[in-house]
Amino acid sequence: RIGRLLNPPARRGSPRSGAAMAATLLLGLGAWGVLAQTQPARKVFEAVSIKPNELGGGHSHSHSSDGRWNASMTTKSLIEFAFGIKSFQLEGGPSWLDVSNYDFVATTGDATPFTGRTLQPYLQSLLTDRFHLVYHRTQKEFPVYALMTARGGPKLTASTADDKGEGTNSNGDK
């Protein structure tokens, strides 16, 4: 009796049940494949040192080499750099955000070459882990100026100078 329960007799199904079984198996494998996909790994620094810098806020600089990032900046500057935003796009936060300077030294443990785009995910993780940054993005309307042509049409004239491409730099030198 136990043998019959554990080993029921094989049933011969119709071709239709075989197709249904194959479709169910394919759907199951497809769903497993979708569920088995992992999220890309968060990029985090292997070691980070953050020290207060008492020289005052407002100045920032950073230097990066393969696998290492050094910077001295306010937390507000770090947020702007990490998310690629401008000062006017950042709202809220405590008063010390734009006052207190910090010295940052961070390494990845490998020779990751840092550019603006490759460094940003690391900095975003740093802000989340160390500063417990919570943020959300919103859209806002701002006034803009529209450049319009005057009623009589543009009054620009073509250059007649033979020295095209020459001019002065910001120091007044030619």
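Details of the structure are given in the entry above.
Conventions used here
- Residues numbered from 1 in each chain as written.
- Predicted model: local features only at pLDDT ≥ 70, side-chain atom pairs only at ≥ 80, totals over all residues.
- Heavy atoms only, no water.
- Salt bridge = Lys/Arg side-chain N within 4 Å of Asp/Glu carboxyl O.
- Helix = DSSP H or I, 4+ residues; strand = E, 2+ residues; numbered from the N terminus.
- Buried < 20%, exposed > 50% of the residue type's maximum accessible area, 1.4 Å probe, protein only.
- 1 Å grid on protein atoms, 1.4 Å probe; cavity = no way out; pocket = protein on both sides within 12 Å on 5 of 7 lines; lining within 4 Å.
- Points joined across faces, edges and corners; volume = space filled by probe spheres on them.
- Nonpolar A, V, L, I, M, F, W, Y, C, P; charged D, E, K, R; others polar.
- Contact = heavy atoms within 4.5 Å.
- Phe/Tyr/Trp six-rings, centres within 6.5 Å; stacked < 30°, edge-to-face > 60°.
- Pairing = 2+ DSSP bridges.
- Axes fitted to C-alpha atoms, helices over the stretch in contact; angles between N-to-C directions.

Okay, the pattern of salt bridges next. Counted by the stated rule, this structure contains two salt bridges. In this structure, Arg42 and Asp129 form a salt bridge, with 2.6 Å as the shortest nitrogen-oxygen distance. Within this pair, whereas Arg42 is found in the loop between helix 2 (15-36) and strand 1 (47-53), its partner Asp129 is found in helix 4 (residues 116-130), the two being separated by 87 residues in sequence. Relative accessible area serves as the criterion here: at 38%, Asp129 is assigned to the partly exposed category. Residue Glu91 pairs with Lys140 through a salt bridge whose shortest N-O separation is 2.3 Å.

Reported here for the largest pocket is a volume of approximately 750 Å³. Taken together, 24 residues line the largest pocket, and the ones lying closest to its centre are Ile85, Gln89, Leu90, Glu91 and His136. With three residues, the single largest contributor to the lining of the largest pocket is helix 3 (residues 75-83). Class assignment of the residues belonging to the lining of the largest pocket gives a composition of 14 nonpolar, seven polar and three charged.

Along the chain, Ser49 falls in strand 1. With 57 residues separating them in the primary sequence, Ser49 and Ala106 have C-alpha atoms 6.3 Å apart. Not counting the four nearest positions on each side in its chain, Ser49 is found in contact with Asp103, Phe104 and Val105.

By the definition in use, this model includes ten aromatic pairs. Taken together, a centroid distance of 6.3 Å and an interplanar angle of 50° make the contact between Tyr102 and Phe104 tilted. Taken as a pair, Tyr102 and Phe104 share a single burial class, namely buried. Relative to Phe131, the ring of Phe104 has its centre 6.4 Å away and its plane inclined at 55°; by these criteria the two rings are tilted. On the criterion of sequence distance, the pair formed by Phe104 in strand 4 (residues 101-107) and Phe131 in the segment after helix 4 is long-range, its members being 27 residues apart. Classification of Phe104 by relative accessible area gives buried; the value is 1%.

Position of Asn53 relative to the elements: it lies in strand 1. On the basis of relative accessibility, which here comes to 12%, the residue Asn53 falls in the buried class.

A sheet is described by the order of its strands in space; here four strands give the open sequence 1-4-3-2, paired in antiparallel fashion. Strands at the two margins of the open sheet, each flanked by one partner only, are strand 1 and strand 2 (61-65). If you compare each strand with its neighbour and ignore which way they point, the axes differ by 10° on average. Pairing analysis gives seven bridges linking strand 3 (residues 68-74) to strand 4, with the strands arranged antiparallel. Its bridge partner being in strand 4, Met73 is matched across the sheet by Tyr102. On the sheet, helix 3 packs against strand 2, strand 3 and strand 4 and is oriented at approximately 130° with respect to strand 3. The strands touched by helix 4 within the sheet are strand 1, strand 3 and strand 4, with strand 1 carrying the most contacts at an inclination of about 70°.

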